[in-house]
Amino acid sequence: MTGEVILAAEHVGKRFGRFVALNDVSIGFRRGRLTSVIGPNGAGKTTFFNIVSGALAPSEGRIRFDGNDITGLAQHHFARLGIAKSFQITNVFPWLTVLENVRVAVQALHARFDIWRPRARHRDLTERAAHLLDLVGLHGQRERQAANLAHGEQRSLEIAMALACEPKLLLLDEPTAGMSPEETKSMVALILRLAAKRTVVLVEHKMKLVMGISDHIVVLHHGELLAQGSPDEIRANPEVRLVYLGQAAA
Amino acid sequence: MTAGHLVLPGTRGRRLVDAIARHRVAAAVAGLLVLPWVMPYQALAVNVLVYGLYAVGFNLLYGYTGLLSFGHAAFFGAGAYGCGIAISRFGVPWPPALIIGTAFAGALGAVIGGLAIRTRGIYFAMVTLALAQCVYAIFYQWVSLTGGENGLRGVNAGRLLLFGWQLDLIDPTTKYYVVLVFVALALWLVSRVLDSPFGAVLEAVRENETRARACGYDVRATKFLSFVLSALVCGLAGSLMAIHLSVVPIDTLNYTTSGLVVMMTLLGGMGTFFGPFIGAGFFVVVEDVTTLYTDHWQLVVGTIFMVFVLFFPRGIWGVILQWLRP
Ligand SMILES: Nc1ncnc2c1ncn2[C@@H]1O[C@H](COP(=O)(O)OP(=O)(O)O)[C@@H](O)[C@H]1O
Ligand SMILES: [Mg+2]
């Protein structure tokens, strides 16, 4: 049902040694909505994503997905459950072709145990990968090695790979980082298209962009939940204004 | 790269490479069928088969999964001793002895691999080396079973009546083609695995573990399976070695045997299907030829190896590929 909480972080804390990166963060992401997580550099946004996507175990608190407690589950189960993340720093298979990058990601859901039938005979996997590449606008780049793509293209490849596990919850960590204004524009269009069909959580720095497209905004600051609400509520929030001093009006 | 300056044969070369790649097992077997007739003598050709298969098994783990083991002598040796002991101590005929040797290496691979995959990089290499040295120590000490320092003697495969057909492994030509049957079978199996979706997962783990995990792959299970498969292939190579030599020298388990396969694989071209075999063949032949002229064959082989690592890091097959398919 749209509107209900699909993923809930309950009193999540994360320490790196003695450093507290996250402290008592409780957030619920609602199904079918586009939620943005904002906050200054070092606020703990990426750490939060790592916990929600299973890459890191929280030091305290629990994660619930579709009502099930998934805290501490091995990371590879997260993609299978339908939680996928695109990385803030591009993280692909550099010397495989663009198509193979996505094909391997698609395969994780459908043919994990096949040690015998040739890959080429799993036509459906290749077709699905090609379809995802069309979706993110990388149709013409299929045969290139991922390492040789331009920065913006690699960001798109990240997203195609995240989509490969047919996620119910898609986490995008600064997908437009380092992109030109034109690239950003087409990325925003893509994000909106993706958000029409599934729950998307977005970490973003560009305030104007976030305010324009989000249903809900969560503000992290020094590892704590500072505020959450609609874009208008966040814009009007004095504490948020203070943190973003001058930027908030943008 | 350096080899790019050579004359390029163009599309014909590309088509040739594509055809070879498509029928890589057939191409390898075709080459190996004629090998004894271009070798100085046939025992040498059997060495190429055995070490070639050993390198293919190693390459599965190193070239395709990205895990550098310095302890693969343990699996080559486990195969050799497993098969050799079955034949010499228990009178098992050689075909089931091959299976025993291979299975023993696989089981050892499960133990050593299960421990080693908990570590990474140089620690992985060191753990495999240390555990392989333990295996060496056990076989060295257990004289009553293994012959200890003197090696295992009396591994006589001899004759076998197969469907009314006399197979006499004393005859070098027969021996070569019998060994080739097993090598071809193993190459076909390895090729199937590499071509399968699981083969793609191996490459994914090699390329980027973090991403493979994020995609939903159990990286540890993948590494473990790759390790055991690699040990099985190397174990079969070792078993064939025991039958070939009729003895199992204790040096089979020595760390130099572990180092040898690293060099063969790098020299031939790691992460390619033909590279390890070519590297092994090159090593075996160069060693054999240079020992005719000098005791310092290791110097010659070492120099060639260094030149390749420094100037042709993709190895012999890598250079050939680059030349044919720029
Ligand atoms: N693996 C780690 N070890 C130690 N400190 C870390 C680690 N990961 C993140 N941090 C620290 O946690 C804080 C939050 O980082 P991060 O989540 O990347 O912030 P954001 O994505 O909001 O910019 C930073 O101060 C960072 O230095
Ligand atoms: Mg970040």
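Residues numbered from 1 in each chain as written. Chains lettered and ligands numbered in written order. Predicted model: local features only at pLDDT ≥ 70, side-chain atom pairs only at ≥ 80, totals over all residues. Heavy atoms only, no water.

1. Section: the interface of chain B and chain A
Then comes step 1: Across the boundary between the two partners, chain B contributes 28 residues, which contact 29 residues of chain A.
Then comes step 2: Between chain B and chain A, the buried area comes to about 2,500 Å², and carbon and sulfur atoms account for 58% of it.
Then comes step 3: Put simply, chain B and chain A have two salt bridges between them.
Then comes step 4: For Arg211 of chain B, the salt bridge identified is with Glu158 of chain A, shortest N-O distance 2.6 Å.
Then comes step 5: Summed over the shared surface of chain B and chain A, the result is 17 residue pairs in polar contact (both at pLDDT 80 or more).
Then comes step 6: Among the elements of the structure, helix 8 (172–195), helix 9 (197–207), helix 10 (209–215) and helix 11 (219–245) of chain B are those that each provide at least two residues to the side of chain B that touches chain A.
Then comes step 7: Sort the elements by how many residues they give to the side of chain B that touches chain A and helix 9 of chain B lands first, with nine residues. (Contact = heavy atoms within 4.5 Å. Buried area = accessible area lost by both parts, 1.4 Å probe. Salt bridge = Lys/Arg side-chain N within 4 Å of Asp/Glu carboxyl O. Polar contact = N/O pair within 3.5 Å; in protein donor to acceptor, adjacent residues only side chain to side chain. Helix = DSSP H or I, 4+ residues; strand = E, 2+ residues; numbered from the N terminus.)

2. Looking at the sheet that holds strand 8 (residues 199–203) of chain A
Residues and elements named next belong to chain A.
Then comes step 1: Reading across the sheet, the six strands line up as 6-7-8-3-9-10 and stay open at both edges, with mixed pairing between neighbours. In this open sheet, the two edge strands, each paired with only one partner strand, are strand 6 (83–86) and strand 10 (224–229). Within this sheet the neighbouring strands show an average axis-to-axis angle of 20°, counted without direction.
Then comes step 2: As paired elements, strand 7 (residues 169–173) and strand 8 share five bridges and run parallel to each other. Among the inter-strand pairings, Leu171 is bridged to a residue of strand 8, identified as Val201.
Then comes step 3: Helix-sheet contacts for helix 5 (residues 151–163) involve strand 6 and strand 7, and the interaxial angle to strand 6 is about 175°. (Pairing = 2+ DSSP bridges. Axes fitted to C-alpha atoms, helices over the stretch in contact; angles between N-to-C directions.)

3. A few points about the sheet that holds strand 5 (residues 68–69) of chain A
Residues and elements named next belong to chain A.
Then comes step 1: With antiparallel pairing, four strands are arranged side by side in an open sheet as 2-1-4-5. Each of the sheet's edge strands pairs with one partner strand only, and the pair in question is strand 2 (19–30) and strand 5.
Then comes step 2: Here strand 1 (residues 5–16) runs beside strand 2; their pairing, made up of eight bridges, is antiparallel. Looking across to strand 2, one finds that Leu7 is bridged to Phe29.
Then comes step 3: Its contacts with the sheet place helix 1 (residues 45–52) against strand 1, strand 2 and strand 4 (60–65), and it is angled at close to 60° to strand 2.

4. Topic: the pattern of salt bridges
All names here are of chain A.
Then comes step 1: This model, assessed by the stated rule, comprises 21 salt bridges over all chains.
Then comes step 2: The salt bridge partner of Arg31 is Glu4, with a shortest N-O separation of 3.0 Å. Here Arg31, found in the loop between strand 2 and strand 3 (34–38), pairs with Glu4, found in the segment before strand 1; they are 27 residues apart in sequence, far enough to count as distant.
Then comes step 3: Glu4 gets classed as partly exposed once you look at its relative accessible area, which sits at 33%.
Then comes step 4: A salt bridge links Asp66 to Lys168, with the shortest nitrogen-to-oxygen separation between them at 3.5 Å. On the criterion of sequence distance, the pair formed by Asp66 in the loop between strand 4 and strand 5 and Lys168 in the loop between helix 5 and strand 7 is long-range, its members being 102 residues apart.
Then comes step 5: Under the relative-accessibility criterion, Asp66 is labelled partly exposed at 33%. (Buried < 20%, exposed > 50% of the residue type's maximum accessible area, 1.4 Å probe, protein only.)

5. Structural notes on the confidence of the model for chain B
Then comes step 1: Mean pLDDT over chain B stands at 91; residues scoring 70 or higher make up 95%.
Then comes step 2: Across the interface, the model reports ipTM at 0.91; the global pTM reads 0.92. (pLDDT = per-residue confidence, 0-100.)

6. Here's the deal with the coordination of the magnesium ion (ligand 2)
Residues and elements named next belong to chain A.
Then comes step 1: Protein coordination at the magnesium ion (ligand 2) comes from Thr46 (OG1) and Gln88 (OE1), with a distance range of 2.0 to 2.2 Å. In this pair, Thr46 sits in helix 1 while Gln88 sits in the loop between strand 6 and helix 3 (98–110), placing the two residues 42 residues apart along the sequence.
Then comes step 2: Exposure remark for Thr46: the relative accessible area of 27% places this residue in the partly exposed category.
Then comes step 3: Gln88 gets classed as partly exposed once you look at its relative accessible area, which sits at 29%. (Donors = N, O, S within 2.8 Å, 3.2 Å for Na, K, Ca; no water.)

7. Some words on the site of ligand 1
Residues and elements named next belong to chain A.
Then comes step 1: Surveying the vicinity of ligand 1 reveals the residues Phe16, Phe19, Ala21, Pro40, Asn41, Gly42, Ala43, Gly44, Lys45, Thr46 and Thr47.
Then comes step 2: Gly44 is positioned such that a nitrogen or oxygen atom in its backbone is 2.9 Å from an oxygen atom of ligand 1.
Then comes step 3: A distance of 2.8 Å separates an oxygen atom of ligand 1 from a polar side-chain atom of Thr46.
Then comes step 4: Notes on ligand 1: free accessible area 560 Å², of which the protein chains cover 60%.
Then comes step 5: Secondary-structure elements contributing two or more residues to the shell around ligand 1 are strand 2 and helix 1.
Then comes step 6: The element contributing the most residues to the shell around ligand 1 is helix 1, with three residues.
Then comes step 7: Its residues assigned to classes, the shell around ligand 1 comprises five nonpolar, five polar and one charged. (Near = heavy atom within 4 Å. Areas by Shrake-Rupley, 256 points an atom, 1.4 Å probe, with all protein chains shown as cover. Nonpolar A, V, L, I, M, F, W, Y, C, P; charged D, E, K, R; others polar.)

8. Here's the deal with helix 4 (residues 73–90) of chain B
Residues and elements named next belong to chain B.
Then comes step 1: Under the 1.5 Å per step criterion, the end-to-end length of helix 4 is 24 Å for 18 residues, consistent within 8% with the ideal 26 Å.
Then comes step 2: Most of helix 4 is tucked away, with 15 of its 18 residues classed as buried.
Then comes step 3: Positive phi shows up at Gly91, right after helix 4, with a value of about 65°. (Expected span 1.5 Å × (residues − 1).)

9. Concerning unusual backbone geometry
Then comes step 1: Not every positive phi belongs to a glycine, and His11 of chain A is a case in point at roughly 50°.
Then comes step 2: Here His11 of chain A lies in strand 1.
Then comes step 3: You will see that Ser246 of chain B, though not glycine, has its phi angle at about 65°, which is positive.

10. With respect to empty space enclosed by the protein
Then comes step 1: For the coordinates displayed, the defined rule picks out six cavities of 30 Å³ or more.
Then comes step 2: By volume, the largest cavity amounts to about 60 Å³.
Then comes step 3: Considering the residues around the largest cavity, the lining is formed by Ser53, Gln75, Phe78, Ala79, Ile83, Ala84, Lys85 and Phe87 of chain A together with Ala214 of chain B.
Then comes step 4: Of all the elements in the fold, those that place two or more residues in the lining of the largest cavity are helix 2 (76–81) and strand 6 of chain A.
Then comes step 5: Here the residues of the lining of the largest cavity sort into six nonpolar, two polar and one charged. (1 Å grid on protein atoms, 1.4 Å probe; cavity = no way out; pocket = protein on both sides within 12 Å on 5 of 7 lines; lining within 4 Å. Points joined across faces, edges and corners; volume = space filled by probe spheres on them.)

11. Looking at a nonpolar patch on the surface
Then comes step 1: A cluster of nonpolar side chains, namely Trp116 of chain A together with Leu185, Trp188 and Leu189 of chain B, defines an oily patch on the protein surface of about 390 Å² accessible area.
Then comes step 2: Position of Leu185 of chain B among the secondary structure elements: in helix 8. (Patch = residues over 30% accessible without salt bridge, like charges linked within 9 Å, V, L, I, M, F, W, Y side chains within 5 Å.)

12. Concerning the layout of surface pockets
Then comes step 1: What the largest pocket holds in volume is close to 2,300 Å³.
Then comes step 2: Every residue lining the largest pocket is counted, 46 residues in all, and those nearest its centre are Arg24, Tyr64, Glu203, Gly271 and Arg325 of chain B.
Then comes step 3: Secondary structure elements with two or more residues in the lining of the largest pocket: helix 3 of chain A together with helix 1 (11–22), helix 2 (24–38), helix 3 (42–64), helix 8, helix 9 and helix 15 (315–324) of chain B.
Then comes step 4: Its residues assigned to classes, the lining of the largest pocket comprises 21 nonpolar, 12 polar and 13 charged.
Then comes step 5: Taken as a whole, the second largest pocket spans an internal volume of roughly 610 Å³.
Then comes step 6: For the second largest pocket, the lining is made up of 23 residues, of which Tyr51, Thr256, Leu260, Glu287 and Trp297 of chain B are closest to its centre.
Then comes step 7: For the lining of the second largest pocket, the secondary structure elements donating two or more residues are helix 3, helix 11, helix 12 (255–268), helix 13 (275–293) and helix 14 (297–311) of chain B.
Then comes step 8: Considered class by class, the residues forming the lining of the second largest pocket number 13 nonpolar, seven polar and three charged.

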